[in-house]
Amino acid sequence: MAIIETKSLTKTYGKIQAVRGIDLNIEKGEIFGLLGPNGAGKTTTIGMLCTIINVTSGSAFIAGCNVIKEPDRVRRKVGIVFQDPTLDTVLTGRENLELHARLYGISAAYRQNRIDEMLELVDLKDRSNDITRTYSGGMRRRLELARGLLHKPAVLFLDEPTLGLDPQTRARTWEYIKKMAKMEQTTVVLTTHYMEEAEQVCDRVGIIDHGRIIAIDAPDNLKESMGGDLVVIRAKDPPVERIKALHYVSTVNFSDGALEVTMKEAHLHLAELLLMLRDVECVEVRVPTLSDVFIKLTGRDIREDGSEDSGSWVDSVARYRQKGN
């Protein structure tokens, strides 16, 4: 049985449909990325799964618990690391974990061993008695990851876990996430705007747009669905229809002087394609990325803003309460 299962999951705010009948099946131990531009519905979807936002219709289960009928049980099954910092910066790292352990009712007999275990896992044992306001951004994020896993949740939700971190710290944070998921046998569901990171980290990704899941698969499979290598050529008056007829060409687009061709095995066929063109200024050849897939499916870049569903989960909760739900 899937650790997360939703059927026709829907959320409406008056006349606005933020989420439109989402079906998801996420397996135990999977690292699953939910990708979408602001306004796509990913924040609302995660909010419903975490019981932060009420479900309008449909069903959702986490580790066999009904999100709608058993919210208290669900909350004990999940851990959350918000995009915005939520540590108490006047407490030490150990005290932050101690507070979380007490809130979750972790027994005194087990508590200290578990705290030590998590501090060691994120390489913070030597700094555990320091006030967290003295921590770097990366150290605080690692402590939040440890806190999210302290009560052994079945599912850990991560909202933009590396946003605002420098590239080196981002890479190390992903290493910790993968290590923790494997060692703790925890399913991870994350959102991120860093598409290259989703490619490297996620077992599968779901692309959401306008409240609907429009694609779910492993990153490599999604990239293969593009139909080949991407070739961009600046040339004068290319014979677009002739190029479309080539057996190794999947798609052709010509705009603003740039000819974009998706073709199989570009290393074998590029020379033939170039012989059909004149006044070639430059040529770029590359393999498709997850960003290319995203743009193809949604028609926009993941970093483009939308009017709904933008901001962090904390912001989403505030807006939700303001609407009186």
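Residues numbered from 1 in each chain as written. Predicted model: local features only at pLDDT ≥ 70, side-chain atom pairs only at ≥ 80, totals over all residues. Heavy atoms only, no water.

S.K.: Please clarify how the state of the cysteines should be interpreted in this entry.
M.R.: Here is the idea: a disulfide is a covalent bond, and it sits between the sulfur atoms of two cysteines. On inspection of all chains with the given rule, the structure shows zero disulfides. Between Cys 202, a free cysteine, and Cys 50, which holds the nearest cysteine sulfur, the sulfur-to-sulfur gap is 16 Å. (Disulfide = S-S within 2.5 Å.)

S.K.: I would appreciate a short explanation of the pattern of salt bridges in the present structure.
M.R.: Two side chains bearing opposite charge may form a pair once their charged atoms approach each other closely. Here the structure, examined in full by the defined rule, presents 22 salt bridges. Between Arg 114 and Glu 117 there is a salt bridge, and its shortest N-O distance comes to 3.4 Å. On the criterion of helical spacing, the pair formed by Arg 114 and Glu 117 is a turn pair, its members being three residues apart in helix 4 (residues 108–121). Residue Glu 184 pairs with Arg 114 through a salt bridge whose shortest N-O separation is 2.7 Å. Note that Glu 184 is positioned in helix 6 (residues 167–184) and Arg 114 in helix 4, a separation of 70 residues in sequence. Each of Arg 114, Glu 117, Lys 152 and Glu 184 takes part in a single network of salt bridges with overlapping partners. (Salt bridge = Lys/Arg side-chain N within 4 Å of Asp/Glu carboxyl O. Helix = DSSP H or I, 4+ residues; strand = E, 2+ residues; numbered from the N terminus.)

S.K.: What is the right way to look at the environment of Asn 221 in this model?
M.R.: On the secondary structure map, Asn 221 appears in helix 8 (residues 219–224). Along the backbone, Asn 221 and Glu 284 are 63 residues apart, and their C-alpha atoms lie at a distance of 23 Å.

S.K.: Even after reading the chapter, I still don't get the packing of aromatic side chains, so can you show me in this structure?
M.R.: The geometry of two aromatic rings is summed up by the distance between their centres and the angle between their planes. One pass over the structure, following the stated rule, counts zero aromatic pairs. Above the ring of Tyr 194, the side-chain terminus of Arg 170 is found at 3.7 Å from the ring centroid. (Phe/Tyr/Trp six-rings, centres within 6.5 Å; stacked < 30°, edge-to-face > 60°. Lys NZ or Arg CZ within 6 Å of the ring centre and 35° of its normal.)

S.K.: What's the story with the sheet that holds strand 2 (residues 16–26) in this structure? I'm lost.
M.R.: The strands that make up a sheet pair up through hydrogen bonds in the backbone, lying either parallel or antiparallel. Taken in spatial order, the four strands of this open sheet run 2-1-4-5, and their pairing is antiparallel. Two strands in the sheet have a free side with no partner beyond their single neighbour: strand 2 and strand 5 (65–66). Where strand 4 (residues 57–62) and strand 5 come together, two bridges link them in antiparallel fashion. By the bridge assignment for strand 5, Phe 61 is matched with Asn 66. Sheet contacts for helix 1 (residues 42–49): strand 1 (4–13), strand 2 and strand 4; angle to strand 1, the most-contacted strand, approximately 115°. (Pairing = 2+ DSSP bridges. Contact = heavy atoms within 4.5 Å. Axes fitted to C-alpha atoms, helices over the stretch in contact; angles between N-to-C directions.)

S.K.: Explanation requested: the side chain of His 269 in the structure shown.
M.R.: Mapped onto the elements, His 269 comes out in helix 10 (residues 266–275). Each residue touching His 269, except ones within four places of it in the same chain, is listed here: His 247, Tyr 248, Met 263 and Lys 264.

S.K.: Explanation requested: the nonpolar core in the structure shown.
M.R.: Soluble, globular proteins show a tendency: their nonpolar side chains are buried together. Counting 42 residues, the largest nonpolar core has Leu 158, Met 180 and Leu 290 as its most contacted members. In this structure, Ile 4, Tyr 13, Val 19 and Cys 65 belong to the second largest nonpolar core, which totals 29 residues. (Core = buried A, V, L, I, M, F, W, Y, C linked by side-chain atoms within 4.5 Å. Buried < 20%, exposed > 50% of the residue type's maximum accessible area, 1.4 Å probe, protein only.)

S.K.: Can you help me understand the environment of Pro 239 in this one?
M.R.: Its place among the elements puts Pro 239 in the loop between strand 11 (229–234) and helix 9 (240–244). Once the C-alpha coordinates of Pro 239 and Ser 57 are considered, the two residues, 182 residues apart in sequence, prove to be 51 Å apart. Beyond its immediate stretch of four places on either side in the chain, Pro 239 contacts Met 276 and Leu 277.

S.K.: Is there a simple way to think about the sheet that holds strand 3 (residues 31–35) in this case?
M.R.: The six strands are arranged 6-7-8-3-9-10 in an open sheet whose pairing can be described as mixed. Bordering the open sheet on either side are strand 6 (78–81) and strand 10 (212–217), each of which pairs with just one other strand. Taken over all neighbouring pairs, the strand axes of this sheet differ in orientation by 20° on average, direction set aside. In the packing of helix 5 (residues 137–149) onto the sheet, the strands contacted are strand 6 and strand 7 (155–159), and the crossing angle to strand 6 comes to about 165°. Sheet contacts for helix 6: strand 3, strand 7 and strand 8 (187–191); angle to strand 8, the most-contacted strand, approximately 150°.

S.K.: Teacher, can you tell me more about empty space enclosed by the protein here?
M.R.: One water molecule sets the probe size; rolling that probe over the atoms shows where empty space is left. Counted according to the given criterion, the structure contains one cavity of 30 Å³ or more. By volume, the largest cavity amounts to about 30 Å³. Lining the largest cavity are Leu 145, Leu 149, Leu 156, Ile 177, Met 180, Ala 181, Thr 186 and Val 188. Elements supplying a minimum of two residues to the lining of the largest cavity: helix 5 and helix 6. Counting residues per element, the lining of the largest cavity draws most heavily on helix 6, at three residues. Broken down by class, the residue content of the lining of the largest cavity amounts to seven nonpolar, one polar and no charged. (1 Å grid on protein atoms, 1.4 Å probe; cavity = no way out; pocket = protein on both sides within 12 Å on 5 of 7 lines; lining within 4 Å. Points joined across faces, edges and corners; volume = space filled by probe spheres on them. Nonpolar A, V, L, I, M, F, W, Y, C, P; charged D, E, K, R; others polar.)

S.K.: Help me understand the layout of surface pockets in this model?
M.R.: Looking at the largest pocket, its volume works out to about 320 Å³. In terms of lining residues, the largest pocket is bounded by 14 residues, among which Met 226, Leu 230, Thr 251, Glu 260 and Thr 262 are the most central. Sorting the residues of the lining of the largest pocket by element identifies strand 11, strand 12 (249–255), strand 13 (258–263) and helix 11 (290–298) as the ones contributing at least two each. Of the residues that constitute the lining of the largest pocket, the class distribution is seven nonpolar, three polar and four charged. By volume, the second largest pocket amounts to about 230 Å³. Along the walls of the second largest pocket sit Arg 75, Val 78, Gly 79, Ile 80, Phe 82, Thr 86, His 100, Leu 103, Tyr 104, Arg 147, Gly 148 and His 151, which together make up its complete lining. Looking at the lining of the second largest pocket, the elements that each hand over two or more residues are strand 6, helix 3 (93–103) and helix 5. Ranked by the residues each element gives to the lining of the second largest pocket, the list is headed by strand 6, at three residues. Here the residues of the lining of the second largest pocket are counted per class, giving five nonpolar, five polar and two charged.

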